[in-house]
Amino acid sequence: MIASIKFELWYLNTPEMIKLCEEQGALKAKGAMLTLFECLRISHNAVGHRSMLKKIARDNGCEADWLWQIITDYGLFDYNADETFSSPYLSKVLGIGSNQAKPRVHGRTRYNDDNNDNHHKEYKELTQSAYLGYDRLVNGRRYGFRGEPIPDDAPEQVNQDTRWSWIENQWIARARWNTKAERKEFELKTNRKWQTIVSGQ
């Protein structure tokens, strides 16, 4: 099978891509995204590491720190404390993790080849509140896959086996998550009573 990189038109018109293009210039931004997708495409399970950016930057006449800024500042990539990174969009296109339950889609209709034209207007109206992860929005508040409340600005949850840690301010492995400690930290930080919505899955 021939390796390829795919950008659907809806992805190039998401608020995150528009912001990137406005701040960095459309040609530079799209060129950087293509370069980063190429890096991920040839990486195992489409997961890259910050250390790879030095060579990529040298080959493409740019700065490694600038590429890392694109990865971390615009909501287009997931990144971790160990400086690994991935693209939820690219992973989905490649079918990585397809043996797991499909992520929920909050707030927008996903494009496909048959309904691009029919849903163009609807997509434009709904993209402002797009979430592609397992987390959910209930009565105006966000919750993780297993029901814990999460901050409004938390990155999307891309793995069912993680839970939001109010102590560490990031998604952590479910095995490390302590209900009592997290509940206490949540109530301390937000001055709100802990509420959960238990997953039915």
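Residues numbered from 1 in each chain as written. Predicted model: local features only at pLDDT ≥ 70, side-chain atom pairs only at ≥ 80, totals over all residues. Heavy atoms only, no water.

Caption draft 1: Layout of the confidence of the model for the protein. Scored by pLDDT, the protein comes out at a mean of 78, with 78% of its residues at no less than 70. Across the protein, the element-wise mean pLDDT spans from 40 in helix α7 (residues 120-126) up to 94 in helix α5 (residues 64-73). Overall, residues 98-131 carries pLDDT values under 50, and its contacts beyond four positions in sequence, including any with other chains, amount to 52 contacts. (pLDDT = per-residue confidence, 0-100. Helix = DSSP H or I, 4+ residues; strand = E, 2+ residues; numbered from the N terminus. Contact = heavy atoms within 4.5 Å.)

Caption draft 2: Summary view of the environment of S4. Within the fold, S4 resides in the segment before α1 (9-12). The spatial distance from the C-alpha of S4 to the C-alpha of I42 is 9.9 Å, given a sequence separation of 38 residues.

Caption draft 3: Here's a closer look at helix α4 (residues 53-60). For α4, the set of buried residues is L53, I56 and A57. Around the axis of α4, the buried residues are gathered within 100° of arc, so they sit on the same side. Turned more than 90 degrees from where α4 packs its buried face, K54, R58 and D59 sit exposed. Those residues of α4 that are buried lie in contact with α3 (26-41), β1 (48-49), α5 and β3 (84-86). A positive phi of about 65° marks G61, the residue just after α4. (Buried < 20%, exposed > 50% of the residue type's maximum accessible area, 1.4 Å probe, protein only. Arc of directions from axis to C-beta.)

Caption draft 4: Main features of the packing of aromatic side chains. Per the stated rule, a full pass over the model turns up 15 aromatic pairs. Pairing W164 with W171 gives two aromatic rings, centres 5.4 Å apart and planes at 80°, and the pair type is edge-to-face. Comparing W164 with W171 shows no difference in burial state: the two are buried. Seen from their ring centres, W166 and F186 are 5.0 Å apart, and the 75° between their planes marks the pair as edge-to-face. On the criterion of sequence distance, the pair formed by W166 in the loop between β6 (162-165) and β7 (170-173) and F186 in helix α8 (residues 179-190) is long-range, its members being 20 residues apart. Note on accessibility: W166 and F186 belong to one class, buried. Here the aromatic residues F7, W10, Y11, F37, W68, F77, Y79, F85 and Y89 are joined through ring pairs into a cluster of three or more. Of note, K28 hangs over the ring of W66, and the distance from its end group to the ring centre comes to 5.1 Å. Over the ring of W177 we find R163; its NZ or CZ atom is 3.7 Å from the centre of that ring. (Phe/Tyr/Trp six-rings, centres within 6.5 Å; stacked < 30°, edge-to-face > 60°. Lys NZ or Arg CZ within 6 Å of the ring centre and 35° of its normal.)

Caption draft 5: Focus on the nonpolar core. The biggest cluster of nonpolar side chains holds 26 residues, and the ones touching the most others in it are M33 and F77. Among the secondary structure elements, those contributing two or more residues to this core are α1, α2 (15-24), α3, α4, α5 and α6 (88-94). Counting nine residues, the second largest nonpolar core, distinct from the first, contains I150, I172, W177 and W194. (Core = buried A, V, L, I, M, F, W, Y, C linked by side-chain atoms within 4.5 Å.)

Caption draft 6: The pairing of β6, seen in detail. Note that β6 and β7 share four bridges and pair antiparallel. By the bridge assignment for β7, W164 is matched with W171. (Pairing = 2+ DSSP bridges.)

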